[in-house]
Amino acid sequence: MIRIGPAGIPLSCKGRTNKDGIIYVKKILDLNAMEIQLIRGIQTMDDEEADFIRKFAEENDIELHVHAPYYTNLAGDDEEIELSKNKILYSGRLANRLGAKILVIHPGFYGERSKEETMERIIENAKDIVSRFKEEKIKVKLGIETMGKQKVFGSLDEVIEVCKKVKGTVPAIDLGHIHARCNGCLKTREDFEKIFEKLKPLKLKHYLIHITGVLYENGNEYYHIPIKKGDMPLEPLIDIILDNKYNVTLISESPLLEHDAMYIRLQIERAIQKRTGVENPDYRDLSLL
Ligand SMILES: [Zn+2]
């Protein structure tokens with residue numbers, strides 16, 4: 001199954017609530033996923049809106065994910081960790097009410113600590129969060145995002161290590177970040193294959209993947225740019241997904257948000273058409289392959 005959606009309320013959607021956004025994702029864009037962003041002012045949602053979104057998503061087969069506030073640090077000092085945990089717990093409760101699958105978090109910073117010590121702290125605190133989720137019957141997986149800057153914890157290897165050690169966590173595979181961090185290493189099919197190869201020990205049945213173009217220098221992300229303006233190609237990734245019939249959710253984090261989500265969709269449908277000869281294939285239907 002392929003799912004595609006925007007990271008947040010579509011830009012061309014006049015209404016600026018998440019409720020407006022999900023209706024637009026279905027009715028105008030005909031996409032089947034959305035990652036709700038608890039950032040940039042919209043950090044709260046009342047129960048009424050959350051319940052509407054949950055029901056609408058269920059009835060229209062839209063998969064939901066939630067992104068916790070950007071600034072969290074599970075490797076900082078005690079006060080910072082406590083604050084971060086509170087943000088993540090709050091987001092987890094909301095994600096659960098929404099029926100979301102994964103709550104994406106930014107794990108933290110090395111600061112003055114060694115990479116090993118940072119890893120230990122993040123593992124310990126992620127374990128604590130997952131156990132608090134369990135206590136509160138929050139059935140949302142904690143998504144540890146791969147991060148795009150050298151001073152930030154979250155290389156692909158580090159994220160995989162956390163996910164191996166902490167049950168209830170999964171990687172949130174941000175390809176723009178991986179690409180920036182390795183200074184533009186995602187170019188060929190082999191480059192993308194290496195990612196799935198590394199993820200294999202986690203035995204994932206589903207991959208949450210963030211896609212955007214990205215501007216970077218010396219292994220550090222500057223900012224997101226439209227997919228077509230970036231230098232990370234989509235074709236090799238799409239080929240791997242189609243060849244393996246991977247169960248993926250592709251979230252567009254591009255500044256063109258839903259326009260690039262539709263661009264991803266178009267590229268996938270073209271690839272299916274090329275393989276099968278079917279005139280107007282649907283990105284959701286891989287039975288043709
Ligand atoms: Zn993120």
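Basis of the calculations
Residues numbered from 1 in each chain as written. Predicted model: local features only at pLDDT ≥ 70, side-chain atom pairs only at ≥ 80, totals over all residues. Heavy atoms only, no water. Core = buried A, V, L, I, M, F, W, Y, C linked by side-chain atoms within 4.5 Å. Buried < 20%, exposed > 50% of the residue type's maximum accessible area, 1.4 Å probe, protein only. Helix = DSSP H or I, 4+ residues; strand = E, 2+ residues; numbered from the N terminus. Contact = heavy atoms within 4.5 Å. Salt bridge = Lys/Arg side-chain N within 4 Å of Asp/Glu carboxyl O. Disulfide = S-S within 2.5 Å. Donors = N, O, S within 2.8 Å, 3.2 Å for Na, K, Ca; no water. Tetrahedral: all angles 85-135°; square planar, octahedral: opposite > 155°, others 65-115°. Patch = residues over 30% accessible without salt bridge, like charges linked within 9 Å, V, L, I, M, F, W, Y side chains within 5 Å. Areas by Shrake-Rupley, 256 points an atom, 1.4 Å probe, with all protein chains shown as cover. Lys, Arg positive; Asp, Glu negative; His and termini not counted. Charge placed at Lys NZ, Arg CZ, Asp CG, Glu CD. Axes fitted to C-alpha atoms, helices over the stretch in contact; angles between N-to-C directions. Parallel < 35°, antiparallel > 145°, perpendicular 65-115°, else oblique. Left-handed = near helix turned anticlockwise from the far one by under 90°. Nonpolar A, V, L, I, M, F, W, Y, C, P; charged D, E, K, R; others polar.

**Q** Explain the nonpolar core to me, using residue names and the numbers behind them.
**A** Of all hydrophobic cores here, the largest spans 90 residues; its most connected members are Ile2, Leu64, Leu142, Leu175 and Ile211. Here this core takes seven residues from helix H4 (residues 115-135), the largest share from any one element. Leave out the neighbours within four places in its chain, and Ile211 touches Leu175, Ile227, Met232, Leu234, Leu237, Leu250, Ile251, Ser252, Glu253, Ser254 and Ile264.

**Q** Which residues make up the pattern of salt bridges, and what are the values?
**A** Oppositely charged side chains can form a pair if their charged atoms are brought close together. Applying the stated rule across the entire model yields 24 salt bridges. Note that Glu136 is salt-bridged to Arg93, the shortest N-O span being 2.7 Å. You can see Glu136 sitting in the loop between H4 and strand E6 (141-145) and its partner Arg93 sitting in helix H3 (residues 78-98), a full 43 residues away along the chain. Since its relative accessible area comes to 39%, Arg93 is described here as partly exposed. When the shortest N-O distance is used, the salt bridge between Asp231 and Lys187 registers 3.8 Å. Pair noted here: Asp231 is in the loop between strand E11 (220-225) and helix H8 (235-244) and Lys187 is in the loop between helix H6 (175-181) and helix H7 (189-199), with a separation of 44 residues, a long-range link. Each of Arg189, Glu193, Asp239, Asp243 and Arg275 takes part in one network of salt bridges that share partners.

**Q** Run through the state of the cysteines, naming residues and quoting values.
**A** Enumeration over the complete set of coordinates arrives at one disulfide. Disulfide pairing is shown between Cys182 and Cys185; the S-S distance is 1.8 Å. Judged by the torsion about the S-S bond (-80°), the Cys182/Cys185 disulfide is left-handed. Classification of Cys185 by relative accessible area gives partly exposed; the value is 32%.

**Q** Describe in detail the environment of Pro107, supporting the description with residues and values.
**A** Residue placement: Pro107 occurs in the loop between strand E4 (102-105) and strand E5 (108-109). A relative accessible area of 1% means that Pro107 is categorised as buried. When the C-alpha positions of Pro107 and Ile264 are compared, they lie 27 Å apart, and in sequence the two are 157 residues distant. Not counting residues up to four positions away in its chain, the partners in contact with Pro107 are Thr72, Asn73, Leu74, Ala75, Ile122, Ile144, Glu145, Met147 and Phe153.

**Q** Break down the coordination of the zinc ion for me, citing the residues and quoting the values.
**A** Coordination of the zinc ion by the protein is provided by His67 (NE2), His106 (NE2), Glu145 (OE) and Glu145 (OE), with metal-donor distances spanning 2.1 to 2.6 Å. For the zinc ion, the four donor atoms in the first shell make angles of 55 to 145° at the metal, a pattern classed as irregular.

**Q** Tell me about a negative patch on the surface, and please be specific about residues and values.
**A** On the surface, Asp77, Asp78, Glu79 and Glu82 cluster together into a negatively charged patch. Residue Asp78 is classed as exposed on the basis of its relative accessible area, which comes to 61%.

**Q** Outline the environment of Met232, listing residues and values.
**A** Residue position: Met232 is located in the loop between E11 and H8. The spacing of Met232 and Gly213 is 19 residues in sequence and 6.7 Å in space, taken between C-alpha atoms. Those residues in contact with Met232 that sit more than four places away from it in its chain are Leu175, Gly176, His179, Leu186, Phe192, Ile211 and Thr212.

**Q** Quick rundown of the packing of H8 against helix H9 (residues 257-276)? Include the residues and the values.
**A** Interaxial distance between H8 and H9 falls to 10 Å at its minimum, and their mutual angle equals 55°. By the angle class used here, H8 and H9 are oblique. Once H8 is placed against H9, the crossing between them reads as right-handed. Mapping the contact onto sequence places Ile238, Asp239, Leu242 and Asp243 in H8 and Gln267, Ile268, Ala271, Ile272 and Arg275 in H9. A class-by-class count of the residues in the contact of H8 with H9 yields five nonpolar, one polar and three charged.

Purely geometric numbers; function is a separate question.
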